[in-house]
Amino acid sequence: MSTDTPDAPADDAPSRAELAARVEELETALADATSEDDTQKMSIIATKGTLDMAYPPLILASTAAAFGYDVTVFHTFWGLDILHEERSKDLKLSSVGNPNMPVPNVVGALPGMDRVTTSMMEKKIDDNDTATIEELIETSLDMGVEFQACQMTIELMDYDEDDFYDGVTTGVGAATAIQDMADADIQLLV
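Residues numbered from 1 in each chain as written. Predicted model: local features only at pLDDT ≥ 70, side-chain atom pairs only at ≥ 80, totals over all residues. Heavy atoms only, no water.

J.: Now, about the environment of Gln 148: what can you tell me, with residues and values included?
T.: Among the structural elements, Gln 148 can be located in strand S3 (residues 146-150). According to the relative accessible area criterion, Gln 148 is buried, its value standing at 4%. With 22 residues separating them in the primary sequence, Gln 148 and Thr 170 have C-alpha atoms 5.9 Å apart. Apart from residues lying up to four places away in sequence, Gln 148 is in contact with Thr 72, Val 73, Phe 74, His 75, Leu 83, Thr 169, Val 172 and Thr 176. (Helix = DSSP H or I, 4+ residues; strand = E, 2+ residues; numbered from the N terminus. Buried < 20%, exposed > 50% of the residue type's maximum accessible area, 1.4 Å probe, protein only. Contact = heavy atoms within 4.5 Å.)

Below is the structure:
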C-alpha cells in the first residue's frame with residue numbers, strides 16, 4: 001500500500017519549471033512541424049530548342065523567380081540546346097509549320113529560308129532591345145532558378161557536361177524531374 005496521498009508530490013515528479021520548459025519545447029516542435037513553407041514552387045519542362053521556343057521557359061522562370069517562386073527548369077532533348085553554351089548562341093527559327101510566320105509554308109520550305117527567318121527574328125530581338133538567351137539564363141541563375149540538364153539526353157547527343165553554362169545542374173534523370181513536378185505548385189511543359 002502506498003503512503004503517498006493524492007496531494008503529496010512524488011519524489012521523481014518534474015518541477016513546475018521543468019514542466020514549463022518541456023511545454024515550451026513541445027510547442028516549438030509543434031510549430032516547426034506544422035508551419036508551412038509559403039514559398040511556392042514552379043517546375044518547367046523545356047523540350048524544344050528553337051529560337052522562338054527558348055524564350056518561353058526562360059521568361060517564365062525568371063519572372064516566377066522575381067515573384068519569389070522556387071523555380072526548376074528541366075531541359076531534355078532539343079531543349080537541352082538552350083543550356084549548351086555554344087549551341088544556345090546559334091538557335092534557329094523554323095520558317096515551316098508556324099502559321100504566324102510572315103512567309104507561306106511553300107516559300108518557307110525553300111533552302112535557306114530558316115536562315116532568313118532566324119535573321120529576321122534576331123534583328124527584331126536586337127531592335128526591340130529584348131534580352132538574349134544568354135542574358136536570360138544568367139539573370140535566371142542569379143535569381144536562383146535551377147536549370148537541370150537531362151542526363152539521358154546529354155549521353156544521347158554526345159554532349160560534354162562542361163559544354164553547359166556555369167551553374168547548370170547536369171546529370172539529372174527523369175525520376176528527379178517527375179518528383180520535382182510532383183512537389184511543385186505549378187507544372188508547365190514547354
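J.: Which residues make up the pairing of S3, and what are the values?
T.: The buried count for S3 comes to four of five residues, which makes it a mostly enclosed element. Looking at chain direction, strand S2 (residues 70-75) and S3 are connected through four bridges and run parallel. Paired with Thr 72 across the two strands is Glu 146, which belongs to S3. With helix H6 (residues 151-156) bridging S3 and the parallel strand S4 (residues 169-172), this β-α-β connection has right-handed handedness. (Pairing = 2+ DSSP bridges. Right-handed = clockwise from strand over helix to strand, strands pointing away.)

J.: Can you tell me about the layout of surface pockets, naming the residues and giving the values?
T.: Here the largest pocket is characterised by a volume of approximately 180 Å³. What lines the largest pocket is a set of 13 residues, and nearest its centre among them are Leu 51, Ser 88, Lys 89, Thr 132 and Ile 133. Counting only elements with at least two residues in the lining of the largest pocket, the list comes to helix H2 (51-66), helix H4 (113-127) and helix H5 (133-142). The greatest single-element share of the lining of the largest pocket, amounting to three residues, is contributed by H4. (1 Å grid on protein atoms, 1.4 Å probe; cavity = no way out; pocket = protein on both sides within 12 Å on 5 of 7 lines; lining within 4 Å. Points joined across faces, edges and corners; volume = space filled by probe spheres on them.)

J.: Any details on the sheet that holds S3? Residues and values, ideally.
T.: If you walk across this open sheet you meet the five strands as S4-S3-S2-S1-S5, and the pairing is parallel. The sheet terminates laterally at S4 and strand S5 (186-189), the two strands that pair on one side only. Mean inter-strand twist for the sheet, computed between neighbouring axes without regard to direction, equals 20°. Where H2 meets the sheet, it contacts strand S1 (41-46), S2, S3 and S5, and its direction lies at approximately 170° from that of S1. Lying on the sheet, helix H7 (residues 174-183) is in contact with S1, S2, S3, S4 and S5; it crosses S1 at an angle near 140°. (Axes fitted to C-alpha atoms, helices over the stretch in contact; angles between N-to-C directions.)

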